[in-house]
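Chain and residue survey
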Amino acid sequence: MVTRVVRRADTPLSPAADESVRPRSALVDAAGVDLPVAACDSAIVSTSKSSGRGVWIKAGRNKRPTSVTAATKAELLALAEDLPCLWDHPGSSPQIKKRLLRTVLKDIIATSEDNAIRLVLHWQGGDHTELRFEKIRTGKHRYVMDTDTIELIRSLARIQPDAMIASILNRMGRHTPHGQTWTAVRVCATRNNHAIAVYREGERQTRGELSVSEVAAILSVTQTTVLRMIRLRHMPATQACVNAPWVVRQDDLDRYLADHRPAGRPQTSNPNQLSLAIQ
């Protein structure tokens, strides 16, 4: 178990660090009231309501107000109630948010426990808040590919090469975890990362699977006719996804030929044979 104590919020900053965390403009809440950032110990910020521009009023770094007036206290209490507005304000920079956390937090104790991280937040008022979240596992991050896309590539790799798989994924509007379009190289990298074998020419025929063009050649019809037969459910076929090629099994084609075999034609007459008229 590893425990780490984050720097106390009341630890003084160096002059360079103190200058870096100064807000560059005053924040005004939704009602147009000046936010009382004057309680901070490094600078006092005011806003000119007539011009709307932030004005710096520099003060001594070690000078603190000896007393808080009733008006200032009321503004501070109002700010505490409307803290989400200040935090989510478009002009609230990360530096201002850091100053807010340093103001309200006393210290943070982080403890590593197996597969979880436990945080104990000590607030200036004496309250404590405990947070717990799981650690990010190896290989699990925001750029991890979703399982659906991986299984789709696994299915398409048995009937199509990488270039055709990339074309199908792009027509479906799918992107890589980095938001890029698919290419044959990216499909190949995905296959290698997930132990998916590359498509071999002839493996589909070995499994007894036929494409639309092969079925059309056997039936002596056009590919459009075969697609119409599949759409009308006259010919059983499967499809990995939308825009993927149709696959017809050889057994289903043989069954279709047996059920739709053309009727035999009458034999031609033979002058050397007698014809019997049966009534």
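I will try to describe carefully the structure that is included in this document. (Residues numbered from 1 in each chain as written. Predicted model: local features only at pLDDT ≥ 70, side-chain atom pairs only at ≥ 80, totals over all residues. Heavy atoms only, no water.)

**Topic: the environment of N170**
One can find N170 in helix α6 (residues 162-171). A relative accessible area of 32% means that N170 is categorised as partly exposed. In the structure, N170 is positioned 12 residues away from W182 in sequence and 6.2 Å away in space, judged by C-alpha atoms. Those residues within four positions of N170 in sequence are excluded, and the remaining contacts are T181 and W182. (Helix = DSSP H or I, 4+ residues; strand = E, 2+ residues; numbered from the N terminus. Buried < 20%, exposed > 50% of the residue type's maximum accessible area, 1.4 Å probe, protein only. Contact = heavy atoms within 4.5 Å.)

**A short note on the sheet that holds strand β9 (residues 246-249)**
Pairing is antiparallel across the open sheet formed by 3 strands, whose spatial order is β7-β9-β8. Of all strands in the sheet, those with a lone pairing partner are β7 (209-210) and β8 (238-239), marking the two edges. Examined bridge by bridge, β7 and β9 share 2 bridges and lie antiparallel to one another. Along β9, the bridge assignment pairs L210 with V248. (Pairing = 2+ DSSP bridges.)

**Considering unusual backbone geometry**
As a rule of thumb, non-glycine residues mostly have phi less than zero, and peptide bonds are mostly trans rather than cis. The residue D114 is not glycine, and still its phi comes out positive at about 55°. A relative accessible area of 71% places D114 in the exposed class. One non-glycine residue, N243, lies in positive phi territory at about 75°. The topology assignment puts N243 in the loop between β8 and β9. Residue classification places N243 among the partly exposed positions, given a relative accessible area of 37%.

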